Structure formats: structure tokens, C-alpha cells
Amino acid sequence: LYEKLPYDALKGFTPITVLVRVPWVVAVHADVPAATLQEFAALAKAQPGAFSYGSLGPGSSTHVSTEYLKQQLEIDMAHVPFKGESPAVTALLTGQIQMMMVTPFLVESHARAGRLKILAAASARRIPALNQLPTVAESGVPGYEALVWIGLLAPAGTPREIIARLNGEIAKLVRTDEVKKLIGPTGMEPDPDTPDQFAAYIKGDYDKWGK
């Protein structure tokens, strides 16, 4: 998104661990005649440009994630940027837009009340709290994953023994019941990993989203 930054995100830091991952779900307006992602894709293909989707703004994670999904599904939808998730969800509920990527905790209650439909989880694995909800990958887009992660990094060159100590202590903390209770309502999922796994994940993100 930015041609010039005052740091190199791959070389300027030493990954410690992912703290949490925040999954997206694909939600559509209640009147959209689709119960699955495959059905929605078929509708969108049959009516190019007829549907619109909302995002948190140009270049936001929801914008780029949905464009990626459009590419994979080979569908055409108009992008409508909003200033935050709440106004975008309001637009989805009122039918101003037909689809959006959104954090589950903002739309679960609306889905239960029949005011919108959740078609799929954009995470690599099913969301524990919505275990009956298939992933996008299970819905015909192999390998698809789009989410927000929050992680901890140290300056480049930090000794490995310090990174290992921080990784171990933080991983234990993130898995405590107190932390799980604190972040549970937000939809965040504790998911600590090793420094090497985190480094590989960041590199994978650069390769995927850069493309």
C-alpha cells in the first residue's frame, strides 16, 4: 500500500509470536437469495456488477480481502468504502450493500434474528464459536484465507535466547483463562506460534497480498 516506508518489515524486525487472529466472515443482506457462498458466486456471475460490497475504507484489510475473493470466484462487484465496520454493517442491514467481510461478533446476533446471512468463514480453519459454518476454502476456493492478526516483534538482531524466552512466556500468558475471557467477546482467537512459524507466516502474507 505504501511505496516508501521508514523500515523494512521483513528485515527490520525479529518475529516473536502471533498473539491473536481475528477471523472474517462473509455476510450478505437477508434478501440475497443465497444460502451458501457457492450460490452467491453463481448469482454474482449471472448478474455482473449488480451487487456491491462494503469495506472499512480503500486499502483496508476488508477491501483487499474481498478483492482477493472476487478474483478467486471470478465475479464482479462494486466496492463501497465506509469509515469503520459499524456504518458498513448498517448499510448491509438496510440493503444499501449486499455483501461484506466482517468480524463475526458484529453480525452474529443479526444473523440469528434473520436480518442478514453469514455464508462462510474466511479463516483457514472453522471458527470454534461457529463450528457449523464452512470456510471459504471448503466452499470452493481452495487455500483461501483472509483475517487480521496481531503479533509481537522485536528489533532485528535481538538474541535468539531472548526471543525464545519471550515467546514461551507470552504464549503461556495468551492461553490463560483471564486473557481468553478478556478477548472472547471481540471474536479474537489466541493463537501463539513459534518465532520461525511467525516469520514464515509474515513472508507468506507478503507474497500473497503483494501479488
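Description of the structure in this document. (Residues numbered from 1 in each chain as written. Predicted model: local features only at pLDDT ≥ 70, side-chain atom pairs only at ≥ 80, totals over all residues. Heavy atoms only, no water.)

### Description of the overall build of the protein
And step 1. For the protein, the helix and strand inventory stands at seven helices and eight strands.
And step 2. Its C-alpha radius of gyration of 18 Å places the protein within 12% of the 17 Å reference for a compact globule of 211 residues.
And step 3. Burial status across the protein gives 43% buried among its 211 residues.
And step 4. Considering only residue pairs separated by 6 or more positions, the protein has 72% of its internal contacts joining residues 24 or more positions apart.
And step 5. With an accessible surface of roughly 11400 Å², the protein has 57% of that area assigned to carbon and sulfur atoms.
And step 6. Put simply, the protein has 20 plus and 21 minus side-chain charges, and the middle of one group is 2 Å from the middle of the other. (Helix = DSSP H or I, 4+ residues; strand = E, 2+ residues; numbered from the N terminus. Rg over C-alpha atoms; globule rule 2.2 N^0.38 Å. Buried < 20%, exposed > 50% of the residue type's maximum accessible area, 1.4 Å probe, protein only. Contact = heavy atoms within 4.5 Å. Areas by Shrake-Rupley, 256 points an atom, 1.4 Å probe, with all protein chains shown as cover. Lys, Arg positive; Asp, Glu negative; His and termini not counted. Charge placed at Lys NZ, Arg CZ, Asp CG, Glu CD.)

### What to know about the sheet that holds strand β1 (residues 13-23)
And step 1. Across the sheet, three strands lie side by side as β7-β1-β8; this open sheet has antiparallel pairing. Each edge of the open sheet carries a strand with a single partner, namely β7 (147-155) and β8 (189-190).
And step 2. One ladder, built from two bridges, connects β1 with β8; its direction is antiparallel. Its bridge partner being in β8, Val 20 is matched across the sheet by Pro 190. (Pairing = 2+ DSSP bridges.)

### Brief notes about helix α5 (residues 160-174)
And step 1. Look at α5: 21 Å from first C-alpha to last across 15 residues, which is about the 21 Å you get at 1.5 Å a residue.
And step 2. Residues of α5 that are buried: Ile 163, Asn 167, Ile 170, Ala 171 and Val 174. Relative to the axis of α5, the buried residues are bounded by an arc of 105 degrees and lie together on one face. Turned more than 90 degrees away from the buried face of α5 sit Glu 161, Arg 165, Lys 172 and Leu 173, all of them exposed.
And step 3. As for α5, its buried residues are in contact with β1, β7, α6 (177-183), β8 and α7 (195-210). (Expected span 1.5 Å × (residues − 1). Arc of directions from axis to C-beta.)

### Concerning the packing of aromatic side chains
Any aromatic ring pair is given by two values, namely how distant the centres are and how the planes are angled relative to each other.
And step 1. This structure, assessed with the given rule, holds six aromatic pairs.
And step 2. Ring geometry for Tyr 68 and Trp 209: centres 5.3 Å apart, planes at 75 degrees, overall edge-to-face. Of this pair, Tyr 68 sits in helix α2 (residues 61-73) while Trp 209 sits in helix α7; the two residues are 141 residues apart in sequence, bridging distant segments of the chain.
And step 3. Accessibility expressed as a relative area gives 18% for Tyr 68, which makes it buried.
And step 4. Owing to a relative accessible area of 30%, Trp 209 belongs among the partly exposed residues under this scheme.
And step 5. Centre to centre, the rings of Trp 149 and Tyr 201 are 6.5 Å apart; their planes meet at 75 degrees, and the pair counts as edge-to-face. Taken together, the residues span a long stretch of sequence, with Trp 149 in strand β7 and Tyr 201 in helix α7 at a distance of 52 residues.
And step 6. An aromatic cluster is defined as three or more aromatic residues linked by ring pairs; in this entry it consists of Tyr 68, Tyr 144 and Trp 209. (Phe/Tyr/Trp six-rings, centres within 6.5 Å; stacked < 30°, edge-to-face > 60°.)

### Focus on the sheet that holds strand β2 (residues 25-29)
And step 1. In spatial order, the strands read β4-β3-β5-β2-β6; together these five strands make up an open sheet with mixed pairing. Here the strands that pair on one side only, and so sit at the sheet edges, are β4 (78-81) and β6 (116-121). Direction aside, the axes of adjacent strands within the sheet are offset by 30 degrees on average.
And step 2. Bridging between strand β3 (residues 52-55) and strand β5 (residues 99-102) involves two bridges; their strand directions are parallel. Its bridge partner lying in β5, Gly 54 is registered against Met 100.
And step 3. Sheet strands touched by helix α1 (residues 37-46): β2, β5 and β6. Its angle to β6, the strand with the most contacts, is close to 105 degrees. (Axes fitted to C-alpha atoms, helices over the stretch in contact; angles between N-to-C directions.)

### Here's the deal with helix α3 (residues 85-94)
And step 1. All of the buried residues along α3 are Glu 85, Ala 88, Val 89, Ala 91 and Leu 92. The arc that holds the buried residues of α3, viewed along the axis, is 160 degrees, so those residues lie on one side. Seen from the open side of α3, the exposed residues pointing more than 90 degrees away from its buried face are Ser 86 and Thr 94.
And step 2. Looking at the packing, one finds that the buried side of α3 touches β2, β3, β5, α4 (108-112) and β6.

### A word on the side chain of Ser 139
And step 1. Along the polypeptide, Ser 139 turns up in the loop between β6 and β7.
And step 2. Judged by its relative accessible area of 5%, Ser 139 falls in the buried class.
And step 3. Looking at Ser 139, its side chain comes within polar contact range of the main-chain oxygen of Thr 135, at 2.8 Å. (Polar contact = N/O pair within 3.5 Å; in protein donor to acceptor, adjacent residues only side chain to side chain.)

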